[in-house]
Amino acid sequence: MLASGIGNAQGKAVAVFGMQDLENFKTRTRSTVSVRQGQGMVLLCGPPPHSGELTYAWIFNEYPTFVHQDNRRFVSQETGNLYIAKVEASDVGNYTCVVTNTVTNSRVLGPPTPLILRNDGVMGEYEPKIEVQFPETVPSAKGTTVKLECFALGNPVPTISWRRADGKQIPRKARRHRSSGLLEIPNFQQEDAGLYECVAENVRGKNVARGQLTFYAQPNWIQKISDAHAAIEESVVWECRASGRPKPSYRWLKDGELLLPQGRVQLEQGSLTITNVSLSDAGMYQCVAENRHGIIFASAELSVIAVGPDFSKTLLKKLTLVKVGGEVIIECLPDLFHPFPAAAGDTGQASIAVVVQAAGPADVAVMPRITVLDDGSLRIVNVTKSDAGSYTCVATNHFGTASSTGSLVVKGRDADSVKDSVDPTRVMVSPFSMDVTVGESIVLPCQVSHDHSLDIVFTWSFNGHLIDFEKDGDHFERVGGQDSAGDLMIRSIQLKHAGKYVCMVQTSVDKLSAAADLIVRGPPGPPEAVTIDEITDTTAQLSWRPGADNHSPITMYVVQARTPFSVGWQAVSTVPEIIDGRTFTATVVGLNPWVEYEFRVVAANLIGIGEPSRPSEKRRTEEALPEVTPANVSGGGGSKSELVITWETVPEELQNGGGFGYVVAFRPFGTVSWMQTVVASPDAARYVFRNETLPPFSPYEVKVGVYNNKGEGSFSPVTVVYSAEEEPMRAPTTVLARSLSASDVEVSWAPPRENQHKGRIQGYEVRCWRHDEKEENAKRIRTVGNQTSTKVGNLRGNALYHLAVRAYNTAGTGPSSAAVNVTTKKPPPSQPPGNIIWNSSDSKIILNWDQVKALDNESEVRGYKVLYRWNRQSSTSVIETNKTSVELSLPFDEDYIIEIKPFSDGGDGSSSEQIRIPKISNAYARGSGSSTSNACTLSAISTIMISLTARSSL
């Protein structure tokens with residue numbers, strides 16, 4: 001549906017841009033919308049051509065009653081359409097779309113759309129159908145406010161909720177408006193991007209709309225480079241990463257010069273690698289990230305230094321146990337330690353020694369049984385008890401020395417004797433089996449006592465597979481915070497997390513484990529194999545198999561149906577009315593004949609409603625006699641000697657069979673015999689009976705029946721329709737016109753004399769055309785009823801116009817009156833008031849301005865209008881004066897906003913620019929005194945605003 005507008009508000013933006021910012025609606029009328037009570041409904045706005053952004057609202061019946069938006073009613077600011085999730089009786093009336101330009105504040109109204117209720121029943125309950133949804137991809141700029149709309153039709157009225165598909169929380173800064181139909185994310189950032197879901201849900205089911213919010217922006221650093229210190233012959237790796245859309249490209253500079261990949265220098269995207277660092281590599285480095293939106297730099301300095309060995313990250317084991325005759329390797333791997341150089345005296349020269357403390361000589365003797373490996377580790381084979389003691393690894397190079405000490409315990413050949421020398425590991429708090437519900441979070445404990453001289457490692461497995469805490473970090477996390485605890489937290493548990501969990505604890509001496517079973521209860525899985533066993537004209541026999549109960553017994557099943565005519569899936573009536581969890585068959589009742597149906601089944605338990613089954617095959621019900629008669633049978637109008645009969649077509653889903661058509665019956669009011677005719681098209685909504693003997697505007701009794709392949713149905717109730725009337729036969733008299741301003745004239749007339757009941761008058765049509773225009777191009781304005789005067793606007797100033805009036809009715813227009821002439825007044829002054837000066841004193845503000853002089857072709861200035869308001873108020877008040885000054889009270893609470901314009905017989909002239917006078921504190925006002933004043937002269941091109949205390953209202 002499109003619409004025609006009334007009113008054409010033009011603001012200053014029209015003059016600025018040289019074009020009309022918001023055109024009128026083109027369509028003059030809109031069709032009546034007929035819906036069932038309980039059904040969802042959409043009214044289209046169809047805004048006219050425009051420039052700039054628009055906002056939308058809807059008037060209900062008459063201004064200023066606007067449609068209140070709540071969980072049942074929603075106005076999309078993207079399309080302007082009005083959505084009603086579930087129509088109620090109170091919604092019946094006329095709806096008018098109001099379109100406002102946000103730049104100029106100009107506004108146009110569409111033609112009203114009547115909404116009525118159908119009389120063929122009430123819509124049953126059905127699952128939500130999302131009608132307003134955001135695009136699949138929503139590109140969003142950094143720092144902007146992103147608005148996502150979502151609204152659904154349904155019965156009962158659906159609730160709207162929002163979530164992220166990746167499991168992350170909706171940003172806390174996000175705001176929900178209009179009963180969650182609008183999600184607003186201010187200051188959009190990279191972390192706000194992702195897949196968002198709008199969930200519409202009621203007791204009959206739910207539906208989901210999804211859209212990807214993508215982020216674009218100029219480059220912004222995610223990871224900068226920082227100053228680095230590297231030892232000679234080490235490697236340096238720098239990585240810088242920047243966000244941005246499109247994805248930024250990278251380049252590197254060294255001391256301001258472009259750095260190219262060669263030899264030891266490798267570049268890959270935002271990564272710089274320098275191997276075998278030398279002193280010449282020292283300097284200032286810059287990573288440059290850029291895309292078409294901008295360029296950014298990150299700087300860091302590389303200092304090349306010599307570094308001695310370091311054991312801070314690779315200490316020797318606290319305790320190493322070995323049996324007599326066994327073999328042991330004590331690792332010695334200091335950090336930043338260079339391997340032995342080729343020649344002594346090189347910068348990286350290093351040596352390593354292993355020192356035995358508390359046993360043996362001061363230095364370990366190198367012998368076939370004891371060997372120092374190339375990496376500095378110590379290997380002892382055929383261990384004897386004399387090898388026991390503390391071992392210290394000492395690493396030395398040109399820049400320093402470092403050491404680390406560990407102990408070697410040698411026991412007898414029996415393995416148990418090794419274990420007996422340390423405290424055994426014991427589980428103190430073991431995980432225990434739990435029974436949880438989907439969505440909960442739990443902690444499985446695993447706490448031990450152990451010999452603190454031994455290193456201990458905790459691992460967890462789930463159903464025999466080790467848990468990867470990095471890969472599965474969204475749900476699994478190691479908690480505890482101490483070396484004796486390896487508790488497992490499971491967040492937002494899903495059905496897939498049910499199973500066996502094992503905590504495994506291991507030291508160099510022993511290992512043990514503890515297990516627990518996790519049972520996860522959730523809504524049932526979808527039922528299976530839904531089958532239509534038998535179908536009649538109004539019933540269908542169904543059967544199905546139960547799905548998984550997910551550890552909570554199924555308590556009931558609900559059957560849903562869908563047809564080509566339904567709004568999504570709807571719950572249907574069944575026998576038995578309530579299907580318990582042990583019943584797997586049901587008979588669906590109350591179906592419409594000759595309609596194609598498919599069915600699905602939904603299971604529920606104490607946890608919630610599960611996912612629906614897959615749909616059954618599609619089957620059509622059998623034919624039956626039609627039962628629903630046409631609604632809103634009426635008519636009238638048409639051409640001479642015609643009887644026009646109209647009705648609302650019966651929807652296809654209520655026609656009950658093929659070969660559907662209508663039987664139209666009519667008779668003159670007060671007679672007995674009916675005349676009948678058959679209209680064979682199921683889409684027909686109108687029949688015209690033509691007969692030269694039909695008297696004009698005479699009453700007829702009319703009814704419309706239905707039929708199909710099975711036979712004839714019943715007729716609609718009898719209603720009275722009038723035959724076509726004749727157009728008015730006489731012209732209006734005593735036509736007068738007078739000029740109101742440069743753009744408006746008023747015209748009045750007297751009704752034509754009585755015409756012996758022929759040519760009923762419904763209203764009058766005024767035609768107005770300029771002297772230099774053709775009469776057939778005249779502007780036409782229609783009145784309704786017995787109104788005998790009207791105003792004609794949007795005329796040219798100081799121009800001669802002709803006006804004529806004629807009566808009209810449904811048959812057409814009557815003869816025209818003689819034309820009368822009128823000349824519009826001269827245009828108002830085009831020059832705005834200038835040289836505006838304001839002075840503030842103890843309690844007043846005095847405004848002064850230069851007198852405006854009208855041009856020869858303009859109306860003389862009769863006075864001035866001072867328009868004013870508070871800064872945060874939308875309503876404007878006005879003071880009229882014939883002077884060039886005015887006094888106002890001081891603005892203590894808010895800024896003043898003011899503009900001044902002259903007025904004349906031709907109307908209001910050009911307005912000054914808006915002026916602002918800032919509010920004045922009480923202390924300042926008292927301190928200024930009556931002898932103190934402040935003056936401010938405002939140029940014509942400045943934009944300053946003022947708000948004033950109202951003395952009189954517009």
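Conventions used here
- Residues numbered from 1 in each chain as written.
- Predicted model: local features only at pLDDT ≥ 70, side-chain atom pairs only at ≥ 80, totals over all residues.
- Heavy atoms only, no water.
- UniProt positions renumbered as here; feature names shortened; annotations may be inferred.
- Helix = DSSP H or I, 4+ residues; strand = E, 2+ residues; numbered from the N terminus.
- Buried < 20%, exposed > 50% of the residue type's maximum accessible area, 1.4 Å probe, protein only.
- Contact = heavy atoms within 4.5 Å.
- Areas by Shrake-Rupley, 256 points an atom, 1.4 Å probe, with all protein chains shown as cover.
- Core = buried A, V, L, I, M, F, W, Y, C linked by side-chain atoms within 4.5 Å.
- Disulfide = S-S within 2.5 Å.
- Salt bridge = Lys/Arg side-chain N within 4 Å of Asp/Glu carboxyl O.
- pLDDT = per-residue confidence, 0-100.
- Patch = residues over 30% accessible without salt bridge, like charges linked within 9 Å, V, L, I, M, F, W, Y side chains within 5 Å.
- Lys, Arg positive; Asp, Glu negative; His and termini not counted.
- Charge placed at Lys NZ, Arg CZ, Asp CG, Glu CD.
- Pairing = 2+ DSSP bridges.
- Axes fitted to C-alpha atoms, helices over the stretch in contact; angles between N-to-C directions.
- Phe/Tyr/Trp six-rings, centres within 6.5 Å; stacked < 30°, edge-to-face > 60°.

The name an unreviewed UniProt entry gives the protein chain is Contactin-4, with Grus japonensis as the organism. In the Subunit (unreviewed entry) part of its UniProt record, the protein chain is described as follows: "Interacts with PTPRG."

1. Focus: the overall build of the protein chain
Scanning the protein chain from N- to C-terminus turns up three helices and 78 strands. For the protein chain, the proportion of its 954 residues judged to be buried stands at 44%. Once local pairs closer than 6 in sequence are excluded, the contacts in the protein chain between residues at least 24 apart make up 66%. Accessible surface for the protein chain amounts to roughly 48800 Å². Of this, 48% is attributable to carbon and sulfur atoms.

2. Things to note about the nonpolar core
Ranked by size, the top nonpolar core spans 23 residues in total, and within it Trp-221, Ile-225, Trp-238, Trp-252, Leu-272 and Leu-302 carry the most contacts. Mapped by element, the contributors of at least two residues to this core are β19 (228-231), β20 (236-239), β22 (249-254), β25 (271-274), β26 (283-291) and β27 (294-305). Of the residues forming this core, the biggest block, five residues, is contributed by β27. Here Trp-238 is in contact with Ile-225, Ser-226, Ala-228, Trp-252, Gly-270, Ser-271, Leu-272, Tyr-285, Ala-300, Glu-301 and Leu-302, once residues within four sequence places are set aside. By size, the runner-up hydrophobic cluster in this structure holds 22 residues, among which are Val-138, Leu-183, Ile-185 and Ala-217.

3. Examining the state of the cysteines
Tallied over the full model, the rule gives five disulfides. Linked covalently through their sulfurs, Cys-45 and Cys-97 form a disulfide whose S-S length is 2.0 Å. On the sign convention where negative is left-handed, the bridge of Cys-45 and Cys-97, at about -80° about the S-S bond, is left-handed. A residue pair is termed long-range when its members are at least 10 positions apart, and Cys-45 in the loop between β2 (41-43) and β3 (54-60) and Cys-97 in strand β6 (residues 93-101) qualify at 52 residues. Looking at Cys-45, the relative accessible area reads 0%, which means it is buried. Classification of Cys-97 by relative accessible area gives buried; the value is 1%. Through a disulfide, Cys-446 is tied to Cys-503; the S-S separation comes to 1.9 Å. Its S-S torsion of about -80° marks the bond between Cys-446 and Cys-503 as left-handed, since a negative value means left-handed. Taken together, the residues span a long stretch of sequence, with Cys-446 in the loop between β37 (442-444) and β38 (447-449) and Cys-503 in strand β43 (residues 499-506) at a distance of 57 residues.

4. As for the pattern of salt bridges
In total, this model carries 35 salt bridges according to the counting rule given. In this structure, Lys-173 and Asp-192 form a salt bridge, with 2.8 Å as the shortest nitrogen-oxygen distance. Highlighted residues: Lys-173 in the loop between β13 (159-164) and β14 (175-177) and Asp-192 in the loop between β15 (182-185) and β16 (194-202), separated in sequence by 19 residues. Residue classification places Lys-173 among the partly exposed residues on the basis of a relative accessible area of 29%. The partner of Glu-765 in a salt bridge is Arg-780, with the nearest N and O atoms 3.7 Å apart. One end of the pair, Glu-765, is in strand β64 (residues 763-770); the other, Arg-780, is in strand β65 (residues 779-782), with 15 residues separating them in the sequence. Residue Glu-765 is classed as buried on the basis of its relative accessible area, which comes to 5%. Within the structure, one salt-bridge network assembled from shared partners comprises Glu-765, Arg-780, Arg-782 and Arg-806.

5. Notes on the confidence of the model for the protein chain
In the predicted model, the protein chain carries a mean pLDDT of 84, and the fraction of residues at 70 or more is 86%. Segment residues 337-350: pLDDT under 50, and 31 contacts once partners within four positions in sequence are set aside and those in other chains are kept. Within the model, pLDDT remains below 50 along residues 356-362, and this stretch shows twelve contacts once partners closer than five positions in the same chain are excluded.

6. What to know about the environment of Ala-230
Of note, Ala-230 is situated in strand β19. The spatial distance from the C-alpha of Ala-230 to the C-alpha of Ile-305 is 5.8 Å, given a sequence separation of 75 residues. If we ignore the near neighbours within four places in the chain, the residues touching Ala-230 are Val-236, Val-277, Leu-302, Ser-303, Val-304 and Ile-305.

7. Some words on a nonpolar patch on the surface
Together, Phe-669, Phe-697, Val-720 and Tyr-722 make up a nonpolar patch on the protein surface, roughly 370 Å² of accessible area in all. Positionally, Tyr-722 belongs in strand β61 (residues 719-722).

8. What to know about a negative patch on the surface
Where like charges cluster on the molecular surface, the negative patch consists of Asp-468, Glu-470, Asp-472 and Asp-474. When you line up the elements, Asp-472 lands in the loop between β40 (465-466) and β41 (476-479).

9. Let's talk about the sheet that holds strand β17 (residues 205-216)
Spatially, the four strands line up as an open sheet ordered β10-β17-β16-β13, and their pairing is mixed. The open sheet is flanked by β10 (137-141) and β13, the only strands paired with a single partner. Ignoring which end each strand starts from, the neighbouring axes of this sheet average 30° apart. Judged from the six bridges that link them, β13 and β16 form a sheet pairing that is antiparallel. When the bridges of β16 are listed, Ile-160 appears paired with Ala-200.

10. Some thoughts on the pairing of strand β54 (residues 631-635)
In the sheet, β54 pairs with strand β55 (residues 642-648) via three bridges, with the strands oriented antiparallel. Opposite Gly-635, over in β55, you have Ile-645 as the bridge partner. In this antiparallel pair of consecutive strands, β54 and β55, the connection spans six residues, and Gly-636 shows a positive phi of 105°.

11. A closer look at the packing of aromatic side chains
In this description, a pair of aromatic rings is defined by centroid distance and the angle of the planes. Tallied over the full model, the rule gives 18 aromatic pairs. With centroids separated by 6.3 Å and ring planes inclined at 55°, the aromatic side chains of Phe-476 and Tyr-501 adopt a geometry described as tilted. You can see Phe-476 sitting in strand β41 and its partner Tyr-501 sitting in strand β43, a full 25 residues away along the chain. Side by side, Phe-476 and Tyr-501 carry an identical accessibility label, which is buried. Centroid distance Phe-697 to Tyr-722: 4.6 Å. Interplanar angle 20°. Geometry classified as stacked. Here the residue Phe-697 occupies a position in the loop between β58 (686-690) and β59 (699-708), and Tyr-722 occupies one in strand β61, the gap between them amounting to 25 residues. What makes Phe-697 partly exposed here is its relative accessible area of 33%.

12. Some details on the sheet that holds strand β36 (residues 434-437)
The strand order across the open sheet built from five strands is β36-β44-β43-β39-β40, with neighbouring strands paired in mixed fashion. Every other strand in the sheet has two partners, leaving β36 and β40 as the edge strands with one partner each. Pairing of strand β39 (residues 457-462) with β43, which is carried by six bridges, proceeds in the antiparallel orientation. Pairing of Val-457 across the sheet is with Gln-506, part of β43.

13. Examining the pairing of strand β8 (residues 113-117)
Pairing of strand β1 (residues 33-35) with β8 involves three bridges; the strand directions are parallel. In the strand pairing of β8, Val-35 is matched with Leu-117. Where β6 and β8 come together, three bridges link them in antiparallel fashion. Within β8, the position partnered with Asn-94 by the bridge is Pro-114.

14. Brief notes about the environment of Ala-402
Along the chain, the position of Ala-402 falls in strand β34 (residues 400-411). Residue classification places Ala-402 among the buried residues on the basis of a relative accessible area of 15%. If sequence neighbours within four positions are ignored, Ala-402 has contacts with Pro-309, Asp-310, Phe-311, Cys-393, Val-394 and Ala-395.

15. A short note on the environment of Cys-198
Its place among the elements puts Cys-198 in strand β16. Cys-198 gets classed as buried once you look at its relative accessible area, which sits at 0%. Considered as a pair, Cys-198 and Ser-180 are 18 residues apart in the sequence and their alpha carbons are 9.5 Å apart. Among all residues touching Cys-198, those that are not within four sequence positions of it are Ile-130, Phe-134, Cys-150, Ile-160, Ser-161, Trp-162, Asn-207, Val-208 and Ala-209.

16. Quick look at the side chain of Gln-655
Looking at the element boundaries, Gln-655 is found in the loop between β55 and β56 (661-668). Leaving out residues up to four positions away in the same chain, Gln-655 has contacts with Pro-626, Val-650, Phe-660, Pro-682 and Asn-708.

17. A closer look at unusual backbone geometry
Excluding glycine, a negative phi dihedral is what most residues carry, and trans is how most peptide bonds are arranged. The peptide bond linking Asn-155 to Pro-156 adopts the cis configuration, its omega dihedral lying at 5°. Mapped onto the secondary structure, Pro-156 falls in the loop between β12 (151-155) and β13. Geometrically, the link from Val-575 to Pro-576 is a cis peptide bond, its omega value of 5° lying close to zero. Looking at the element boundaries, Pro-576 is found in the loop between β49 (574-575) and β50 (579-580). Non-glycine residue Ser-492 carries a positive phi angle of around 45°. When you line up the elements, Ser-492 lands in the loop between β42 (487-490) and β43. Judged by its relative accessible area of 33%, Ser-492 is partly exposed.

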